[in-house]
Amino acid sequence: ERVEELIRQLASAAAVAVAAQALAIALVLHVLIRVPLRRLRRAADRVAAGDLSARAAARPAADARAEMLVVAREFDRMVAAVAAQREEIERLAATDGLTGLPNRRSFDLRLSEELAHAARLGYRLTLALIDIDGFKQLNDVRGHVAGDEALRRVAAALAGAVRQTDTVARYGGDEFVAILPGSDEKAAMTLAIRMRDAVEKLGIPTGRDAPRSVSVSIGLAEPHGPSTADRLIAAAGGALYAAKTTRGTVVRASSLSGGELEGG
């Protein structure tokens, strides 16, 4: 009987030990597999929803020997690479491939933002529409390769002549545009003349033996009261049309509603 009792006690103890071991294994599996899997699944759901800041690994590098943590870290590296690629794609989508300046799409977005800020905060804003004089002659005589090089050099000169708060973009063809926030009429005219002079200093010939070099004509416009981007661009376009009658001229539209133009 004592032997049987001892056997029963040993069996009970063994059962308890097995149960404890099973519980310990379950806890280890929960910590090492289920928790990382749950974290990985949540991170994957966030990435699928467009959140590329999601990360799955949450433990220090010393625990990286666990397979699930290795998988989580590989997931994080993959998401970081995708995020970097998306940023590069977005940058390229907003950049003119030839000049490196913001493109028309980027300019449209920036102008809408600046108009909204100017209306809300009450600061001045000037738009400059810029056209290269003699560009058709340059293309016809010297070829499109020379024309592309001229566009790149003019773009760099324009961007280098303005302030860090200003935005110079390629509007299309041989036209550029500059958004000059916080600029009154005098400051805008000063910046426009600085851009014009920077291009003239390049000395890009319009032809093989042409005595004249590439220059730019500039039309300036400033919103007066509530205004849309289209109206502001139209006003700057009208001023530019007047400036093109005498190459290398800066002309300012006195208002969006009026047709009076001032030369500079």
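For the structure given in this document, a descriptive report is provided here.

Conventions adopted
- Residues numbered from 1 in each chain as written.
- Predicted model: local features only at pLDDT ≥ 70, side-chain atom pairs only at ≥ 80, totals over all residues.
- Heavy atoms only, no water.
- Helix = DSSP H or I, 4+ residues; strand = E, 2+ residues; numbered from the N terminus.
- Buried < 20%, exposed > 50% of the residue type's maximum accessible area, 1.4 Å probe, protein only.
- Contact = heavy atoms within 4.5 Å.
- Areas by Shrake-Rupley, 256 points an atom, 1.4 Å probe, with all protein chains shown as cover.
- Expected span 1.5 Å × (residues − 1).
- Polar contact = N/O pair within 3.5 Å; in protein donor to acceptor, adjacent residues only side chain to side chain.
- Axes fitted to C-alpha atoms, helices over the stretch in contact; angles between N-to-C directions.
- Parallel < 35°, antiparallel > 145°, perpendicular 65-115°, else oblique.
- Nonpolar A, V, L, I, M, F, W, Y, C, P; charged D, E, K, R; others polar.
- Core = buried A, V, L, I, M, F, W, Y, C linked by side-chain atoms within 4.5 Å.
- Salt bridge = Lys/Arg side-chain N within 4 Å of Asp/Glu carboxyl O.
- Pairing = 2+ DSSP bridges.

So, about the overall build of the chain. Scanning the chain from N- to C-terminus turns up seven helices and six strands. The order of helices and strands in the chain, counted from the N terminus, is α-α-α-β-α-α-β-β-α-β-α-β-β. The 264 residues of the chain split such that 36% are buried. Put simply, 63% of the contacts in the chain that link residues at least 6 apart link residues at least 24 apart. Accessible surface computed for the chain: about 15000 Å², of which carbon and sulfur atoms make up 57%.

Spanning 18 residues, helix α3 (residues 104-121) covers 25 Å between terminal C-alpha atoms, matching the ideal 26 Å at 1.5 Å per step. Buried-residue contacts for α3 involve β1 (125-133), β2 (167-172), β3 (175-181) and α7 (229-243). For α3, the N-terminal capping position is held by N103, with its side-chain oxygen 3.3 Å away from the main-chain nitrogen of R105. Just downstream of α3, G122 is the residue with a positive phi angle, here 75°.

This part covers the packing of α3 against α7. Between α3 and α7, the least distance of the axes is 10 Å, while the angle of their chain directions is 105°. When the interaxial angle is binned, α3 and α7 end up roughly perpendicular. Packed against α3, whose contacting residues are F107, L111 and L115, the element α7 presents A229, L232 and I233 at the interface. Looking at side-chain class alone, the contact of α3 with α7 contains six nonpolar, no polar and no charged residues.

V154, F176, M195 and I218 are the most contacted members of the largest nonpolar core, which has 31 residues in total. Elements supplying a minimum of two residues to this core: β1, α4 (135-142), α5 (144-161), β3, α6 (185-200) and β4 (215-221). Ignoring anything within four residues of it in the chain, the contact list for I218 reads A128, L129, I130, A192, M195, R196, L240, A243, T249, V250 and V251. Counting 22 residues, the second-largest nonpolar core is a separate cluster that includes I179, A229, A235 and A243.

Attention shifts here to the pattern of salt bridges. Going through the model one piece at a time under the given rule, you end up with 11 salt bridges. Here R170 ties to D96 by a salt bridge, and the two come within 3.3 Å at their closest N and O atoms. Of this pair, R170 sits in strand β2 while D96 sits in the loop between α2 (67-93) and α3, and the two are 74 residues apart along the sequence. What makes D96 buried here is its relative accessible area of 14%. As a salt-bridge pair, K244 and D131 come within 2.4 Å of each other at their nearest N and O atoms. Placement of K244 in the loop between α7 and β5 (250-253) and of D131 in strand β1 is noted, with a sequence separation of 113 residues between them. The exposure class assigned to K244 is partly exposed, which follows from its relative accessible area of 33%. For D131, a relative accessible area of 9% gives the class buried. The structure contains a network of salt bridges with shared partners spanning D131, D133 and K244.

What follows is about the side chain of D133. Examined against the element boundaries, D133 turns out to sit in strand β1. Within the structure, D133 has its side chain in polar contact with the backbone nitrogen of V216 (distance 3.5 Å). In terms of polar contacts, D133 uses its side chain to reach the side chain of K244, at 2.7 Å. What D133 contacts, discounting residues up to four positions off in sequence, is T206, V214, S215, V216, S217, K244, R247 and G248.

Summarising burial for β2: five of the six residues are buried, a large majority. Relative to β3, β2 runs antiparallel, the two sharing five bridges. Bridge pairing in β3 links A169 to V177. Linking β2 back to β3 in an antiparallel pair, the connection comprises two residues, with G173 at a positive phi of about 60°.

With seven of seven residues buried, β4 lies mostly within the body of the structure. Burial of the side chains of β4 extends over both faces: S215, S217, G219 and A221 are buried on one face and V216, I218 and L220 on the other. When β1 meets β4, the two strands line up antiparallel, connected through seven bridges. Bridge assignment links A128 to a residue of β4, and that residue is L220. The pairing of β4 with β5 spans three bridges and is classified as parallel. The residue bridging G219 from the neighbouring strand is V251, located in β5.

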